[in-house]
Every structure is written in structure tokens, then in C-alpha cells.
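# Structural overview for review
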Amino acid sequence: MNSFKVLLKFTLMSFVWLYPNLILSQNKEIHIGDGSHVFPKTTKINQNIRVETYFQFLDSLVQVYDSITPYKLTEHLLVRSNPWIIDTLQNTDYYRKKARDSFVYNQKKMIVIPKGNALVIPGLKQVDSLQKAFKNTWIDINIPEFKLRIFQDSVKLFEFPVRVGRHETKYLEMSGREEDLRTKTGTGIIVGYNKNPRYANPANNHDYKVTRRDDGKVTLVPQIPFIETELNGTRYGQMIHPTTNPETLGKAYSNGCIGTKEADAWVIYYYAPINTKVDIRYNLKVINEDGSVVIMKDIYAYQ
């Protein structure tokens, strides 16, 4: 048990070293060594956390508390236990800020966990509930409908507009070969994330640091996770990720990836931990919630 105390002390020191101006205050004492760790508990944040350091902060916080929680703490469990964080992240969306007469050139500098806020470290009961929810959550994408839906069991939680791959074949320098740009269909899972993605033009493989928005203004590219899918046991490099040009949603516009609004991408990320089921389909016949039937345009000329 003494070695456990030493390890925890080292972990806490490492956290303070990473965030020297950040002090955490708990509303309950952590009893180390006697098995009486009490959760849930709250932790007060005494420094503003911006997008550019957000993931490092969460990783360090998870590392500290994972040493003492009676379960394996993860970023997704932590954030889903503090849903206001998702709301705050959604509000870093360029177009949401524009609607409030605010121009954001560098999203990475925006504060997402303000100083003085408290984070809940969940208890075992809440964690069990979240883990069951994760297990029963799945993502449904219907290509010709340009819709991404998130279901828990048979209940639809969210529905988002998306863009999909173009109906053309093109040589992409990024892959070094000619590619069919149509979005692939199949069943599979979420297999990975890129939390600080490289923005590049697949056609010439050139990086870009800025983006021209739908209103003609130029900003730095935002930092929002890209989600990697695997379909039918194959990784096509087909990602679910935000677009900085939401006017392209509802269109066959991408190089194969599924594009979303910036705000929507944060919700998808936190509702889709690794191994979340994914179904990407191509159904032209759509039955609406009122029972009416709509026939979608055959954008890929499959039928």
C-alpha cells in the first residue's frame, strides 16, 4: 500500500508539473490506502482551460483520478458526467459565434472550461449506467439522405445533416492512387480518433493552416477530433469529421469522408467511444416518423 501512495503522489506531482498554475480542490476527502474512496466528488478548476490545451488537461486529470477510482476512468466517462462541457465545446463553432455577432479567428484560444467551474468525478453507479449506454449506442448514416443519426437501443438521440463523397474517380496524392470518392457502405465500429488532426488536401497532400469560411472570411482551422471508422473489417481512411463550410452539407462534396457541422462533431465524438457500432447504408426509400415514404435521389447511380 505504501508503494501505491508513492505512485499516486508521483502522479499528482506530474499533473502539477504539467499545469503549474492549476490547483484542484475537492469537496470530499480522498482516503488513500483504506479502500474508502468516496465518489462521486467534485473538483474545482482554478485556471482557464482553452481548446489548445483541453485534451492534455483531460488526459492528465484522468490519469490522476484513475489511480483512485473503483473503475477505469476515461475521458468519455468524465465528459459525459459533465455534459455542460459538450455544450461549451459546441459553442466554439465559428457559425454559432457569428450568429451572436462574434468573429473567431483562432478557435484554439477559446476557453472551454472556465476558471472556477467544478467537474464531477462520477461514482460507480453513474459509470455503470454510462458504460451500458455506450454499449447500446450506434451510429446510423444513410448516404442519399445525407443524415447521421445516433441511437441508443431503438431510441434516436440525435440527427445531424452531413455531406458525403462525390460520385467521381480521382487520383489522390495522399494515397498515391486513383480513388473512387463515393462514401463506402458497410457495418463496423469506431476504431480511432485524431484529436489534433492534420488538415490536408487529399488531391495534392498539401497541408493547410487556414480555411475560407462560407461568408468569405479566413480563419485558422479549428481543433476538433476526427473519428476513424472500420467497415466490414477494412479501414478505408473514411473519417467522420467537421467541415468549416456547412453550405456543403446535404451534398455529395467530399473525398469520401462524412462531414458534419463543427458543433455536431463534438456531440458525435463524445457519444461514440472506441468500438461504437457504425452502419453506413445506401437506402433510397425513407420512412418518416409520421409514416410517410420519401424516395431519395440516387446520387451514386446504384439503382
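Up top you'll find the structure we're talking about.
Nothing here was measured: the structure is a model prediction, and the numbers come from that model.

## Quick look at the overall build of the protein
The number of helices and strands found in the protein is seven helices and 23 strands. For the protein, with 303 residues in total, the buried portion stands at 45%. Across the protein, the fraction of contacts at a sequence separation of at least 24, relative to all contacts at a separation of at least 6, is 66%.

## What to know about the pairing of strand 5 (residues 118-121)
Residue alternation in strand 5 divides its side chains into a buried set, Leu-119 and Ile-121, and an unburied set, Ala-118 and Val-120. By the bridge criterion, four bridges tie strand 2 (residues 41-45) to strand 5 in an arrangement that is antiparallel. Within the sheet, the bridge partner assigned to Lys-44 lies in strand 5 and is Ala-118.

## Side note on the nonpolar core
Ranked by size, the top nonpolar core spans 61 residues in total, and within it Tyr-54, Ile-139, Leu-148 and Tyr-270 carry the most contacts. Per element, the largest residue contribution to this core is nine residues, and it comes from helix 2 (residues 51-66). Once residues within four sequence positions are removed from consideration, Tyr-270 is found in contact with Tyr-54, Phe-55, Leu-58, Glu-75, His-76, Val-79, Arg-80, Ile-86, Leu-89 and Phe-134. Tyr-199, Val-221, Phe-226 and Cys-257 belong to the second-largest nonpolar core, a separate cluster that totals five residues.

## Some details on the side chain of Asp-264
For Asp-264, the location among the structural elements is in helix 7 (residues 262-271). One buried charged residue, Asp-264, forms no salt bridge at all, with the nearest opposite charge on Lys-261 at 5.1 Å. Ignoring anything within four residues of it in the chain, the contact list for Asp-264 reads Phe-160 and Pro-161.

## What about the sheet that holds strand 8 (residues 155-161)?
One open sheet holds the eight strands; their spatial order is 8-7-6-21-12-17-18-20, and the pairing between them is mixed. Both outer strands of the open sheet, strand 8 and strand 20 (258-260), are each paired with one neighbouring strand and no more. Averaged over all pairs of adjacent strands, the angle between strand axes in this sheet comes to 25 degrees, irrespective of strand direction. Helix-sheet contacts for helix 7 involve strand 6 (137-142), strand 7 (147-152), strand 8, strand 12 (186-194), strand 17 (226-231), strand 18 (239-242) and strand 20, and the interaxial angle to strand 8 is about 145 degrees.

About the criteria used
- Residues numbered from 1 in each chain as written.
- Predicted model: local features only at pLDDT ≥ 70, side-chain atom pairs only at ≥ 80, totals over all residues.
- Heavy atoms only, no water.
- Helix = DSSP H or I, 4+ residues; strand = E, 2+ residues; numbered from the N terminus.
- Buried < 20%, exposed > 50% of the residue type's maximum accessible area, 1.4 Å probe, protein only.
- Contact = heavy atoms within 4.5 Å.
- Pairing = 2+ DSSP bridges.
- Core = buried A, V, L, I, M, F, W, Y, C linked by side-chain atoms within 4.5 Å.
- Lys, Arg positive; Asp, Glu negative; His and termini not counted.
- Salt bridge = Lys/Arg side-chain N within 4 Å of Asp/Glu carboxyl O.
- Axes fitted to C-alpha atoms, helices over the stretch in contact; angles between N-to-C directions.

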